[in-house]
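# Structural characterization, general
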Amino acid sequence: MKLATLKDGSRDGQLVVVSRDLKTAQIANGIAATLQRALDDWAFIKPQLEAVYEGLNAGKATNVFDFDAKLCMAPLPRAFQWADGSSYVNHVELVRKARNADMPESFWHDPLMYQGGSDDFIGPMDDIELGSEEWGIDFESEIAVITGDVPMGVKVQHAGQHIRLLMLVNDVSLRNLIPAELAKGFGFFQSKPASSFSPVAVTPDELGDAWKDGKVHLPLRSTWNKVLVGQPNAGVDMVFSFPQLITHLCKTRNARAGTIIGSGTVSNKDAGKGFSCIAEKRALEMIADGTPATPFMQFGDSVKIEMFDKNGKSIFGAIDQSVVEYHDK
């Protein structure tokens, strides 16, 4: 099943069911007005949404309209919790090596995770508005899951059953603000502006056999200024699966329905697969030549993030954004 949220002037938008080919949609009339409402009572509402989805794909639905990703908010325009992991330890190792910092052995068996801002996400085709190019603007191509209610202390073998939906993420980073923040010992804040998500969130079954062991075994394509810069396989070199990330998050707390958990920047050890963020490209340049040659993003730059199934069909739709200068409103 594929779900999206349309802009309707409200904070949480209008929930719609989207056809598998991403061409048509139907408002979830009388079922759930918002995605959060559906997640809050998933066992009851999911079968009703699935019935709409089946009718939509069979061409039997009524009140159908053309699906337009430009009219979408993030599937969850705001969430109770957004926690981003760093499952691709290769990415962490490269970035630390570039600045001659040792990587603790614990990073291989104890996930990194930070809590990001969740009250204001960006739509998949909305501009990324930022105040300065000097902040070191970077995209980060990731995958995320949305959970139902997860109990504190959940075991990893049971954590996967709480995954409701998956999405793509552009977890924008302001690289030049990060060092000073980390030096304070309290982690990311100003260096992590609002994240953006794919037009559509999908249930795990939509991925078929690509969804295995709590990982998505498909390439994630990143295009910067219309040039393909990376297509690492998200199922390769993912050290911590989504069930492991959920278990880490819930060691000392419950997670409530609508919690979003990110994978971290998708990265493969095979450098030939390209990169999912500029920082990784710059790290490789630092390691090879002692200095980075690739600049960070400038105003007017664009980024597109998308994942295709084995038949070449877009699964989530595309995150397709431009970076623009923010002006006081």
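Structure first, text after, so check above.
Below is a short write-up of the structure. (Residues numbered from 1 in each chain as written. Predicted model: local features only at pLDDT ≥ 70, side-chain atom pairs only at ≥ 80, totals over all residues. Heavy atoms only, no water.)

## Re the pairing of strand β1 (residues 2-6)
Where a strand is regular, its side chains alternate between the two sheet faces. Quick reminder of the rule: We call a residue buried when its accessible area falls under 20% of the maximum for its residue type, exposed when it is over 50%, and partly exposed in between, using a 1.4 Å probe and counting protein chains only. Labels follow the DSSP assignment, with helices taken as runs of H or I lasting at least four residues and strands as runs of E lasting at least two, numbered in each case from the N terminus. DSSP bridges decide pairing: two strands pair if at least two such bridges lie between them.
Counting buried residues in β1 gives 5 out of 5 residues, a clear majority hidden from the surface. The alternating pattern of β1 places K2, A4 and L6 and L3 and T5 on opposite faces, both of which are buried. Two elements, β1 and strand β2 (residues 14-18), share 5 bridges in a ladder whose sense is antiparallel. Bridge pairing links L6 to Q14 in β2.

## Quick word on the nonpolar core
For the record, the criterion: Here, nonpolar core refers to any group of buried Ala, Val, Leu, Ile, Met, Phe, Trp, Tyr and Cys residues whose side-chain atoms link them within 4.5 Å. Throughout, a contact is declared for two residues whenever any of their heavy atoms are within 4.5 Å.
Counting 60 residues, the largest nonpolar core has I143 and M307 as its most contacted members. The element best represented in this core is helix α6 (residues 242-249), accounting for 4 residues. Sequence-distant contacts of I143, that is, excluding residues within four places in its chain, are made with L166, M167, L168, V169, V216, L220, A234, F242, I261, G262, S263 and M307. Formed by 31 residues, the second largest nonpolar core is a distinct cluster that contains M1, A38, F121 and F197.

## Thoughts on the layout of surface pockets
Here is the rule we go by: Cavities and pockets are found on a 1 Å grid laid over the protein atoms alone: a cavity is a set of points where a 1.4 Å probe fits but cannot escape, a pocket is an open set with protein on both sides within 12 Å along at least five of seven lines, and a lining residue has an atom within 4 Å of such a point. Grid points are joined across faces, edges and corners, and a volume is the space filled by probe spheres set on the points. Amino acid classes used here: Ala, Val, Leu, Ile, Met, Phe, Trp, Tyr, Cys and Pro are nonpolar; Asp, Glu, Lys and Arg are charged; the rest, including Gly, are polar.
Taken as a whole, the largest pocket holds about 960 Å³ of empty space. Looking at the lining of the largest pocket, the elements with two or more residues in it are β5 (81-85), α3 (89-98), β6 (113-115), α5 (178-183) and α7 (278-289). In terms of residue count, α3 provides more of the lining of the largest pocket than any other element does, 5 residues in total. A per-class count over the lining of the largest pocket returns 17 nonpolar, 8 polar and 9 charged.

## Topic: α3
Of all the 10 residues making up α3, 7 are buried; the element is thus mostly covered by neighbouring parts of the structure. Within the sequence span of α3, burial applies to V89, N90, H91, V92, L94, R96 and A98. Tucked into the core, α3 has its buried residues touching α7. One or two steps after α3, the chain reaches N100, where phi turns positive at roughly 60 degrees.

## Here's the deal with α6
Applied cut-off: The arc under discussion is defined with respect to the helix axis, by the directions toward the C-beta atoms.
Among the residues of α6, F242, P243, L245, I246 and L249 are the ones counted as buried. Along the long axis of α6, the arc covered by the buried residues comes to 160 degrees, so they all point the same way.

## Details of unusual backbone geometry
Look at D213: it is not a glycine, yet its phi comes out positive at around 60 degrees. Looking at D213, the relative accessible area reads 62%, which means it is exposed. The backbone of K226 shows a phi angle near 70 degrees, a positive value even though the residue is not glycine. Structurally, the position occupied by K226 is in the loop between β16 (220-224) and β17 (227-230).

## Things to note about the environment of K184
With respect to the helices and strands, the residue K184 is situated in the loop between α5 and β12 (196-197). Its relative accessible area of 70% is what places K184 among the exposed residues.

## Re the environment of S195
Where we set the bar: Polar contacts, as counted here, are pairs of nitrogen or oxygen atoms within 3.5 Å of one another; within protein the pair requires one atom able to donate a hydrogen and one able to accept it, and residues that are adjacent in sequence qualify only if both atoms are side-chain atoms.
Tracing the backbone shows S195 in the loop between α5 and β12. When the C-alpha atoms of S195 and I128 are compared, they prove to be 9.1 Å apart, with 67 residues separating the residues in sequence. Leaving out residues up to four positions away in the same chain, S195 has contacts with W82, F121, I122, V169, N170 and D171. Within polar-contact distance, the side chain of S195 engages the side chain of W82 at 3.5 Å.

## Focus: the side chain of S196
Tracing the backbone shows S196 in strand β12. For S196, the side chain forms a polar contact with the side chain of Q321, separated by 2.9 Å. Excluding residues within four positions of it along the chain, S196 makes contact with I122, G123, L168, V169, N170, I319 and Q321.

Distances and angles like these do not, on their own, reveal function.
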